[in-house]
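Coordinates in review
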Amino acid sequence: MPNTVSYASRALTRCFVLFGLLLLCFLLLFVVYVWAEKQIDEANENRVISIALLQEFRQSSDELTQLALVAVASNDIRYKQRYDEILAVRDGLAPRSEQPTFWAMPEVQTSSEPLGRRRSLLTLMQDAGFTSAELTAVTTAKQRAEELIRIERQLMNRLELPGLTSTERQQLQQNSLFTLLSAEQLQLRTHIMQPLAEAFVQLNHRTEQRVQQSIHHAFWLRVAFMVTAFVLCLTLYRIRLLYQRLLGAPPSKLAVFLENFAQTQSYRPLRTQHIRPGSILGRLLATESRLHQQEQQQQLLISELQQQQQYLRALFDSLPLMVWFKDLQGRFLAVNRKFAEMLQLNVEQILGKSDADLFEPEQALQHISHDKDVLTMDQPDQLKRQLTLDGEARWLDVYKTPVYLNGHSLGVVGTARDVTVEHNAENQLRLSASVFTHAREGIMITNPEGLIIDVNQAFCQITGYSAEQAKNCTPRLLKSDRQDEHTYQQMWQVLHTQGYWAGEVWSRRANGEDYMQSMTISAVHDEQQKVQHYVGLLSDITQQHQQQQQLEKIALFDQLTGLPNRNALIQQLHQLLHVREKDEWLAIAYLDLDGFKEINDRHSHATGDKLLLQMAQKLRKQLATYETLARIGGDEFVLLLPAQTDCQQGCQRIEQLLSQIATPVQIDDWMLSVSASIGITFAPQPDAVDAEQLIRQADHAMYQAKQEGKNRYHLFDVDKARSMRGHQETLQDIRQALALEQFELFYQPKVNMRTGELIGSEALIRWRHPERGLVPPGLFLPAIEQHSLGVTLGYWVMERAIQQLAEWQQQGWALPVSVNISAYHLQQPDFVNRLQQLLRRYQQVSPALLQLEILETGALNDLSHVQAVMHACLRAGVSFALDDFGTGYSSLTYLKRLPAQVLKIDQSFVRDMLTDPDDLAILKGILVLAHEFKRDIVAEVWRPQNMAKRCWH
């Protein structure tokens with residue numbers, strides 16, 4: 001049996017050569033077949049063009065005869081001109097145009113000749129490939145047609161002879177028509193068509209024969225093309241069989257086998273008896289079988305080695321020491337689990353790395369240096385070294401020794417034991433002894449029964465007792481009479497329950513001197529949580545205590561009078577507000593002395609200070625122990641009067657104090673007299689208020705008392721303050737709404753009631769509140785009527801209205817818009833300038849489309865100024881309307897002085913005009929006034945609240 005692979009390879013090569021030749025033939029046949037199909041199209045096109053040219057010759061002859069008849073019958077020169085045009089195009093004397101040359105010619109391109117070229121019909125026939133016989137027949141027909149053309153031209157020219165009468169011209173037309181329709185002429189036309197018919201028969205036969213020949217050739221080429229394609233497919237199938245025979249299996253199964261083979265998986269895609277031994281797959285199967293046997297032997301050896309390695313690793317990891325082995329280059333070849341846990345890494349993350357990869361540079365350098373010393377000295381070495389890992393210092397007892405195999409050095413093996421606990425314990429003992437000896441705080445150690453067993457030097461310096469005097473005594477050795485027994489009992493109770501106490505106590509030194517002492521006592525427990533010792537830390541803070549008392553006195557009390565100052569007052573007021581009974585009232589009185597400044601200026605400040613001191617003493621005598629008097633600056637005092645049954649009782653107390661203050665006092669040689677203005681407020685209040693707010697309320701009421709004439713008291717009006725606060729909150733909300741663009745403009749239409757025509761609109765502002773919904777203007781505009789915020793909102797409305805005009809104008813609408821302007825806004829000094837700036841910014845909007853409405857009820861304080869502003873706006877093109885006309889108090893004055901073109905009647909007169917005679921009479925009167933003053937009228941139509949007022953948004 002020949003070698004399967006060699007035989008299949010040679011056969012496959014021959015098939016590929018054959019396939020290439022067949023593919024070349026296939027491509028050549030395809031090109032020739034495409035050329036043959038193109039020849040069919042060219043033959044058909046030539047046939048169509050040739051027939052169309054003959055058709056054109058015949059049609060043109062008929063057209064010429066028809067034009068001659070019409071020209072003779074109508075005596076219209078245009079038909080003769082058309083006759084000449086057709087003849088010139090046919091003979092090549094005029095260019096061919098895009099328009100049909102003849103009346104009844106079909107719209108078919110008769111030749112490939114471009115339009116506009118001067119080519120005779122006979123020349124086009126020659127270009128179309130007419131034979132000599134066909135051209136001879138066409139030439140004969142053309143010669144006979146020329147005779148007919150000559151006769152027709154003579155007949156048409158006879159009608160153009162000058163000097164003919166109407167009768168003669170009619171007679172001549174009849175004769176010419178008889179001639180054109182005579183039998184001779186008909187016979188002559190028949191002679192023209194005979195050679196054309198012969199040429200048509202020859203042409204039709206020739207072109208039909210050419211088309212059939214082209215179709216015949218294309219058919220056989222198509223057959224050859226298909227046969228070649230079939231043979232090509234057979235060759236491909238033969239290649240596939242040879243390829244599969246060479247491989248020994250289908251390519252898909254071979255690919256699966258190779259993939260598994262590459263992954264060292266034992267896989268047989270086909271039965272062994274179906275695979276040729278000499279094929280590629282057969283050889284691969286034999287190779288795979290040998291590799292499989294070798295793999296089984298190798299796996300057996302690996303399993304034994306792994307088992308031994310596991311035994312060694314278990315032994316290695318079970319050691320309580322950290323163990324590692326490094327080669328001569330300092331790379332870790334083996335480490336145990338203890339070493340990896342110290343570095344907080346896995347064993348695999350350490351192997352192959354050096355000290356520089358695992359430790360800080362300084363520590364790595366120390367390890368490398370020690371390894372070199374061990375290898376150089378060729379003997380073991382032991383040392384204690386500090387290692388820092390994640391910011392934590394660890395102390396290790398390290399042992400290293402070189403490793404040899406067959407006399408060659410392999411590296412260094414090392415072990416280490418963590419001795420951090422022992423090292424820290426030693427340091428802690430040394431540190432504790434040093435702290436105990438050198439601490440500046442006194443340290444006292446007692447046994448569980450409270451007997452002192454040791455003290456340090458600072459304790460002796462603070463207390464004056466020596467260590468021998470203090471030992472075997474209790475801490476009561478330091479007891480002072482300033483501290484009661486209850487304090488010591490609480491101290492030991494806390495110490496026994498919590499194990500810790502800290503605080504400040506008075507103590508007594510050995511010489512009997514008392515001092516303030518800061519003390520901390522802690523219980524020290526053993527492992528069974530039993531008390532072993534008590535450790536007390538103490539320090540002398542007498543000086544700090546005295547300084548703190550002095551600072552508190554300065555911070556909380558007035559230096560002149562000794563009364564509480566503002567800070568102490570705030571603290572006391574806070575406390576009273578929290579401890580006040582439910583039905584009790586707290587009165588806060590703010591007192592300012594009347595005339596005190598004049599006494600200071602006349603008698604000196606020293607006299608004024610003495611007066612303040614006596615006034616403080618006098619007021620203090622009038623107060624109960626639970627009542628507070630504070631001086632908060634200058635001649636201003638504040639009184640806190642708790643436990644008042646009602647406001648009237650508090651006011652009565654203030655009246656008593658006013659009479660006491662007005663009593664003259666003796667200062668040196670002078671009898672001085674002052675009065676007081678007092679502001680009073682009470683707590684509680686409907687709204688939550690703090691201490692600072694209550695003092696400010698009393699201060700505000702005190703200023704009211706001074707303005708009312710002094711030597712009196714004034715009660716703070718809570719309701720009025722709430723109203724003012726609410727007004728301020730409303731202003732703030734409107735200012736925020738303007739910044740957040742929560743305002744919107746709605747446009748209410750103005751309609752001519754006679755024609756129904758839309759003649760304008762009025763801009764109406766609404767507030768789209770995020771919580772209250774759509775808020776009408778009556779709920780927020782009154783709050784800003786006389787405020788600068790109302791002016792800002794007014795400019796915003798004008799600008800948005802002009803923007804809307806610009807948008808409508810782009811859409812083709814020229815609809816006027818009226819905007820309401822408050823009296824306060826109109827009287828602003830820069831109103832005209834701001835309006836002109838807006839109009840210049842939107843130059844595309846005509847100023848005549850903007851109308852400003854002024855409330856007739858508005859308080860126009862400076863009518864002359866308003867009149868000047870309106871005239872300036874009129875010059876700029878902006879018109880005015882007088883809103884709510886008839887509801888104000890100076891309507892006739894406004895009509896006379898204000899240049900408003902439109903009067904807007906309030907809806908209160910229009911709503912009931914059909915049922916209320918008075919409203920109707922007022923309406924008629926307003927109409928008469930408008931007519932006399934030449935003003936236009938706009939009436940507000942009343943609508944129910946549930947009907948929409950807006951037209952556009």
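Residues numbered from 1 in each chain as written. Predicted model: local features only at pLDDT ≥ 70, side-chain atom pairs only at ≥ 80, totals over all residues. Heavy atoms only, no water.

Right, let's get into unusual backbone geometry. The omega torsion of the bond from Ala683 to Pro684 falls at 10 degrees, within 30 degrees of zero and hence cis. Turning to its location among the elements, Pro684 is positioned in the loop between β16 (675-683) and α22 (691-707). A positive phi angle is found at Ser604, which is not glycine, with a value near 95 degrees. With respect to the helices, strands and loops of the structure, Ser604 is situated in the loop between α19 (596-603) and α20 (605-622). Backbone geometry at Glu741 places phi at a positive 55 degrees, although glycine is not the residue there. Considering the arrangement of structural elements, one finds Glu741 in the loop between α23 (718-739) and β18 (743-751). (Helix = DSSP H or I, 4+ residues; strand = E, 2+ residues; numbered from the N terminus.)

When you line up the elements, Arg189 lands in helix α6 (residues 183-247). Of the side chains with opposite charge, Glu152 comes closest to the buried, unpaired Arg189, at an N-O distance of 5.0 Å. Every residue in contact with Arg189, bar those within four places of it in the chain, is listed here: Thr65, Leu148 and Leu180. (Buried < 20%, exposed > 50% of the residue type's maximum accessible area, 1.4 Å probe, protein only. Lys, Arg positive; Asp, Glu negative; His and termini not counted. Salt bridge = Lys/Arg side-chain N within 4 Å of Asp/Glu carboxyl O. Contact = heavy atoms within 4.5 Å.)

Now for the sheet that holds strand β10 (residues 531-540). Read from one edge to the other, the open sheet built from 5 strands follows the order β7-β6-β10-β9-β8, with strand pairing classed as antiparallel. Among the strands making up the open sheet, the edge pair consists of β7 (452-455) and β8 (500-508). Within the sheet, the average angular offset between the axes of one strand and its neighbour, ignoring direction, is 25 degrees. Relative to β10, strand β6 (residues 442-446) is paired through 5 bridges, and the arrangement is antiparallel. Paired with Met444 across the two strands is Gly536, which belongs to β10. Running at roughly 155 degrees to β8, helix α16 (residues 485-498) makes contact with β8, β9 (514-525) and β10 of the sheet. (Pairing = 2+ DSSP bridges. Axes fitted to C-alpha atoms, helices over the stretch in contact; angles between N-to-C directions.)

Evaluated as defined, the whole model comprises 32 salt bridges. With a closest N to O distance of 3.1 Å, Glu134 and Arg206 form a salt bridge. Taken together, the positions of Glu134 in helix α4 (residues 132-158) and Arg206 in helix α6 put the pair 72 residues apart, joining distant regions of the chain. When its relative accessible area of 1% is taken as the criterion, Glu134 is described as buried. The residue Glu799 makes a salt bridge to Arg841 at a minimum N-O spacing of 2.9 Å.

Our next topic: the packing of aromatic side chains. Within the structure shown, the criterion is met by 12 aromatic pairs. Here Trp324 and Phe339 contribute two aromatic rings whose centre-to-centre distance is 5.4 Å and whose plane-to-plane angle is 40 degrees, an arrangement assigned as tilted. On the criterion of sequence distance, the pair formed by Trp324 in strand β1 (residues 322-327) and Phe339 in helix α9 (residues 337-343) is long-range, its members being 15 residues apart. With a centroid separation of 5.2 Å and 65 degrees between ring planes, the pair formed by Tyr747 and Trp808 is classed as edge-to-face. (Phe/Tyr/Trp six-rings, centres within 6.5 Å; stacked < 30°, edge-to-face > 60°.)

Looking at the secondary structure, you find Leu612 in helix α20. In this structure the C-alpha to C-alpha distance between Leu612 and Phe596, which are 16 residues apart in sequence, comes to 9.1 Å. For Leu612, the contacting residues outside a window of four places in its chain are Leu560, Thr561, Leu593, Phe596, Arg631, Gly634, Asp635 and Phe637.

Residues Phe743, Met798, Val819, Phe831, Leu835 and Leu852 are the most contacted members of the largest nonpolar core, which totals 61 residues. When residues no more than four places from it in sequence are discounted, the contact partners of Val819 are Ala763, Val797, Met798, Ala801, Leu850, Gln851, Leu852 and Glu853. In terms of nonpolar packing, the next biggest core, distinct from the first, is built from 35 residues, Leu54, Ala68, Leu87 and Val138 among them. (Core = buried A, V, L, I, M, F, W, Y, C linked by side-chain atoms within 4.5 Å.)

Here the focus is the pairing of strand β21 (residues 817-821). β21 sits mainly inside the fold: 4 of its 5 residues count as buried. With 2 bridges connecting them, strand β19 (residues 758-769) and β21 associate as parallel partners. Bridge pairing links Glu762 to Ser818 in β21. Inspection of the sheet shows β21 paired to strand β22 (residues 850-855) by 5 bridges, in the parallel sense. Directly across from Val817, in β22, lies its bridge partner Leu850.

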